[in-house]
Amino acid sequence: MVFLASKQRVKLMKKLFFYFLIFSLLNSCSTIKHVADNELLLTKNTIVVDSITKSSSTLNELLIQRNNARAIGLPLSLYFYNLGNPRGSKDVEDWKKNHPKWYKLFKDVFSEKQSMSVANSFIGLNNWYLKNGQAPVIINDAKTKRTVSNLQSYFLTEGYFRAKVESKKEITGKKRGAITYYVTKGKPSFLDSIYTTIQSPILDSIYQENKAKSFLKKGQQYKDGNFIKEANRIVSLFRNKGVYHFAENNILFDNDTLKDYKKTDVEILISDRVVEKNGEYTTEPFKIQKIKRINVFTDYSYNSRNEPFNDSINYNGIQFRAHNKIKYNPRFLSQSIFIKPNQIYTDSLKTLTQNHLRGLRNFKTSSIRYRPIPGTEDELEANIFLTPFEKYTIGFDSELSRSNIRNFDISGKFSLVNRNTFKGAEIFNFSLLGSYFNSTNGPGWEIGANISLQVPRFMAPFGFHKLVPKRMQPKTIFSSGISIQKNIALDKQNISLGVDYRWQYNKKKSIQLELLNAQYIRNLNTDNYFNIYRSEYDELSRIVEIAKAYDPSITLPDNMPTNNTAIVSLMNRLSRDPNFRDFNADAFRDNANVLNRYNIITSDFLIPEIAYTFTYNNRTSIKDSDFSYFRIRAANSGNVMGILSNQTDSNGQKTVFKIPVAQYFKVDIEYKKFWDLGRNNVLAHRTFLGAIATYNNSTIPFSRSYFAGGSNDIRAWRTYDLGPGRRLPGLEYNIGSLKFLSSFEYRFDVAGSLKSAVFVDAGNIWDITNSPLVDEESKFTGFNSFFDMAIGAGFGLRYDFKFLVARLDLGFKAREPYLTNKKWFQNFNFSNTTYNIGINYPF
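Our subject in this report is the structure included herewith. (Residues numbered from 1 in each chain as written. Predicted model: local features only at pLDDT ≥ 70, side-chain atom pairs only at ≥ 80, totals over all residues. Heavy atoms only, no water.)

The next thing to look at is the sheet that holds strand β1 (residues 41–49). Each strand in a sheet pairs with another by means of backbone hydrogen bonds, the pair being arranged parallel or else antiparallel. One open sheet accounts for four strands, arranged β2-β1-β4-β3; its pairing is mixed. With one partner strand each, in any of the chains shown, β2 (52–54) and β3 (164–173) form the two edges of the open sheet. Each strand axis lies, on average, 30° off the axis of its neighbour in the sheet, ignoring direction. Relative to strand β4 (residues 176–184), β3 is paired through nine bridges, and the arrangement is antiparallel. Residue pairing for β4: E170 is matched across the bridge by A178. Sheet contacts for helix α7 (residues 141–157): β1, β3 and β4; angle to β3, the most-contacted strand, approximately 140°. (Pairing = 2+ DSSP bridges. Helix = DSSP H or I, 4+ residues; strand = E, 2+ residues; numbered from the N terminus. Axes fitted to C-alpha atoms, helices over the stretch in contact; angles between N-to-C directions. Contact = heavy atoms within 4.5 Å.)

Next up, the structure:
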């Protein structure tokens, strides 16, 4: 009886909590919950320009007051704020006064201390709601007037000197209002006569030579933006022609509209340089200045700036200095310095030098300062101050986890970074990885080690390093790694070796040439295959049941590692039996397919890959949410090694030391586009297309095949769960040689660091090998195969920790291509939801 009573109390508490949650959510959905009777919640801003409603990010930025942020049409941040109470208790005594019954209840049942703890919890929760939500935006007449002034000023800068702006406030509902701004632009002003007055002869000569590139043209509508562009162009022009002292304050635009406001006469005034002599300010013409001396301080720090420099080396006219011993080879460090002695001063070479020095990743800070050389009028001294990082950096990461497969899993990573390894600003990385776990199959472990050396120049023979200019920041990366597994799947050993060339073609384009990306994969525990991939054994069991009708003596050994050889022998026997093929062609093909998949997974492989990658990315900064990204990678494996080797295995596949060589061509194309919708609302799109084709009887290594599903793919299906084509799910892994994927995701803020998204993913994988072992449902047969597309939709929650984003996405199956009748929305429900946990955004 006591047990039943306690269960009833639990059910009652659950119901009460559920009703409380529903009540809280419904209560928070009142947008005017915290709007006073004499206030109006701003629900909408409208800008009407010459009787036409306008909406643009430029105009919206001029609004001093904007209505509460909305996502998927709802003010979610305001709802979150309304869960709290801005007039709520500020401390325990205040909460005690406002909730005397609750305080007394907790005090009587528990203690005074517990009552205070409960009070602090409620106060903290209330403050959290208020802090992370968005308070209701109340219409403020003073801010409305400031917005009118902003709009007036903006249209003035666009050349509408007679523009008029008015505002109108309307009540749209209970405690709700909207503001409409009416703009009458009037006639614009156009540039008429444009002439210059330049006092320094040198500047006048330079300007006239480049006058055609001016942003100011006769007949052009007046716009402040063009004057700003022209000022920047003039400053950049003169400073890149050696006029070091020239600055923007030497430029004056005198615009005259007194005769006719619809015509603007422009005079560009460029004054002489202002200098101080003997306490008096005078002017003198600008001069072109050259760099006479260059000093590089390789171990500069602010604290030791006044200490003497005890080491000095002159290399190609550049003086390298250090407080102690110079640790950087001047020959290599000078390759990142584009400023040269007796060179005319230019801003562009200064910027290029700074970017190169930062790109070395050897220095905390790098700064370049110029100063005139005393006693001269046209000579400069360039001082480059470099503050290096610590030579050695040690790191250690660890992780403790548990899953339905592993009862206990601990992993760790030790890393060591050695900068300036060979005195040429190289970076050497060494990492040691290890993990140990306990599962139903017993304990297991994995260890691995990786090393890499990044050289900030091309290391190539026969003068190939000259093909890429140093301004493109060429790099060479040598890498190698090894990993060993025990009691993990097939106990794989993996050895890799790489030689990688990278360079930045310009700010938006980068190129990568993987001259060697070799990988040797060896499986030590192939007998465990059917124990790991049980669905393969189940499929074989079905085939054997069919075969028994043809030959009753056929039996399938039990699924045990010790029986693996006998199981494989049976598959080989059936695959070579023409009578079985005549008896049941489908079962014969299915058996050959299981055998082929077994060979792909268990085979050792040597993958000597060469690849070329081109990337275009016009993102300007990490905060930029409106940009495009394009990447194409073309790879070939085994071409050179296949020519050099004349050895083959029983399947006619090229081998080296009896190891099959993977021979294929592979192309991956990816395009991403992001649209900034304003107020942290972003629409993101990603499309991927990839294909791989083999030659010389080679098979596709499992690690190079395509798969579908997962937290960064089609999120309504688990990894390896989908495809190929219309094949029914059920196997542990599904792979293909062609893949198409397209996703749209709408991202928005909920409250504070809590964010959300709704998404649609579409795609699939197919087989294009033309292998007779592949069923028709898996093959790509042309354009009609795109009707085999799987479509998933869903929503997710993300929490931004600043250094990473934790993500939970729920994917629902909208279209399942393997269903025979109705393919749409047959399992679009929570019981068939796929939960995806990930770090950072899926793309």
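Another point: a nonpolar patch on the surface. Nonpolar side chains collect at one region of the surface, where I72, L74, V758, F795, L808, F830, Y835 and I837 lie side by side and expose about 770 Å² of accessible area between them. If you trace the backbone, Y835 turns up in strand β34 (residues 834–839). (Patch = residues over 30% accessible without salt bridge, like charges linked within 9 Å, V, L, I, M, F, W, Y side chains within 5 Å. Areas by Shrake-Rupley, 256 points an atom, 1.4 Å probe, with all protein chains shown as cover. Salt bridge = Lys/Arg side-chain N within 4 Å of Asp/Glu carboxyl O.)

Counted by the stated rule, this structure contains 53 aromatic pairs. Where Y550 meets F580, the ring centres are 6.0 Å apart and the plane angle is 35°; that geometry is what we call tilted. Taken together, the residues span a long stretch of sequence, with Y550 in helix α13 (residues 534–550) and F580 in helix α15 (residues 578–583) at a distance of 30 residues. Take Y550: its relative accessible area is 26%, and that puts it in the partly exposed class. The class for F580 is buried, based on a relative accessible area of 0%. Pairing F812 with F828 gives two aromatic rings, centres 5.5 Å apart and planes at 45°, and the pair type is tilted. Of the two residues, F812 sits in strand β33 (residues 805–815) while F828 sits in the loop between β33 and β34, which places them 16 residues apart along the sequence. With relative accessibility at 7%, the residue F812 sits in the buried group. Among the aromatic residues, those joined into a ring-pair cluster are Y529, F530, Y533, Y537, Y598, F702, F707, Y720 and Y733. Directly above the aromatic system of Y733 lies the positively charged group of R597, at a separation of 4.2 Å from the ring centroid. It is R715 that lies over the ring of F759; its NZ or CZ is 3.8 Å from the centre. (Phe/Tyr/Trp six-rings, centres within 6.5 Å; stacked < 30°, edge-to-face > 60°. Buried < 20%, exposed > 50% of the residue type's maximum accessible area, 1.4 Å probe, protein only. Lys NZ or Arg CZ within 6 Å of the ring centre and 35° of its normal.)

This part takes up the side chain of K755. Within the secondary structure layout, K755 lies in strand β31 (residues 754–766). For K755, the side chain forms a polar contact with the side chain of D749, separated by 2.9 Å. Once residues lying within four places of it in the same chain are set aside, the contact partners of K755 are F748, D749, V750, G796, L797, R798, D800 and Y841. (Polar contact = N/O pair within 3.5 Å; in protein donor to acceptor, adjacent residues only side chain to side chain.)

What follows covers the sheet that holds strand β25 (residues 647–648). Judged by pairing direction, the sheet is antiparallel, and its three strands sit side by side in the order β25-β26-β27 without closing on themselves. The strands lining the two open edges of the sheet, one partner per strand, are β25 and β27 (659–660). Relative to strand β26 (residues 654–656), β25 runs antiparallel, the two being bridged by two bridges. By the bridge assignment, T648 is partnered in β26 with K654.

This next bit is on the pattern of salt bridges. According to the stated counting rule, one finds 39 salt bridges in the structure shown. For D141, the salt bridge identified is with K169, shortest N-O distance 3.1 Å. Of this pair, D141 sits in helix α7 while K169 sits in strand β3, and the two are 28 residues apart along the sequence. Here R727 and D775 are joined by a salt bridge, their closest N and O atoms 3.3 Å apart. On the criterion of sequence distance, the pair formed by R727 in the loop between β29 (681–694) and β30 (738–751) and D775 in the loop between β31 and β32 (790–800) is long-range, its members being 48 residues apart. Both residues of the pair, R727 and D775, belong to the buried class. The network of salt bridges with common partners includes R715, E745, R747, D761, R798, R807 and D809.

With that out of the way, let us pick up a positive patch on the surface. On the surface, a cluster of positive charge is contributed by K187, K218, K262 and K263. With respect to the helices, strands and loops of the structure, K263 is situated in strand β7 (residues 263–270). (Lys, Arg positive; Asp, Glu negative; His and termini not counted. Charge placed at Lys NZ, Arg CZ, Asp CG, Glu CD.)

Counting 25 residues, the largest nonpolar core has Y529, F530, L540, L556, M571 and F580 as its most contacted members. Counting residues in each nonpolar core, the second largest holds 23 residues, with I294, I318, L360 and F363 among its members. (Core = buried A, V, L, I, M, F, W, Y, C linked by side-chain atoms within 4.5 Å.)

For the rest of this paragraph, the subject is the packing of helix α8 (residues 201–209) against helix α9 (residues 224–239). Viewed as axis vectors pointing N to C, α8 and α9 meet at an angle of 115°, and their least axial separation amounts to 11 Å. Relative to α9, α8 is oriented so that their crossing is right-handed. Only E230, R233, I234, L237 and F238 of α9 make contact with α8, whose side of the interface consists of L203, I206 and Y207. Of the residues contributing to the contact of α8 with α9, the split by class is six nonpolar, no polar and two charged. (Left-handed = near helix turned anticlockwise from the far one by under 90°. Nonpolar A, V, L, I, M, F, W, Y, C, P; charged D, E, K, R; others polar.)

Quick look at α7 now. Here α7 spans 25 Å end to end across 17 residues, near enough to the 24 Å set by a 1.5 Å rise per residue. The complete set of buried residues in α7 reads T144, T147, V148, L151 and F155. One side of α7 holds all its buried residues, which, seen down the axis, span an arc of 105°. Structurally, α7 contributes buried residues whose contacts are with β1, α2 (57–60), β3 and β4. Taking the backbone nitrogen of A142 as reference, a side-chain oxygen 2.9 Å away marks N140 as the first, capping residue of α7. Immediately beyond the C-terminal end of α7, within one or two residues, lies G159, with a positive phi of roughly 95°. (Expected span 1.5 Å × (residues − 1). Arc of directions from axis to C-beta.)

Right, let's talk about the side chain of T147 for a bit. Position of T147 among the secondary structure elements: in helix α7. Apart from the residues lying within four places of it in its own chain, the contact partners of T147 are L62, L63, I64, Q65 and Y181.

In this structure, the second largest pocket encloses a volume near 1,100 Å³. Every element with two or more residues in the lining of the second largest pocket is listed here: α14 (564–575), α16 (585–602) and β29. The element best represented in the lining of the second largest pocket is α16, accounting for seven residues. Residue classes in the lining of the second largest pocket are distributed as 13 nonpolar, 19 polar and five charged. (1 Å grid on protein atoms, 1.4 Å probe; cavity = no way out; pocket = protein on both sides within 12 Å on 5 of 7 lines; lining within 4 Å. Points joined across faces, edges and corners; volume = space filled by probe spheres on them.)

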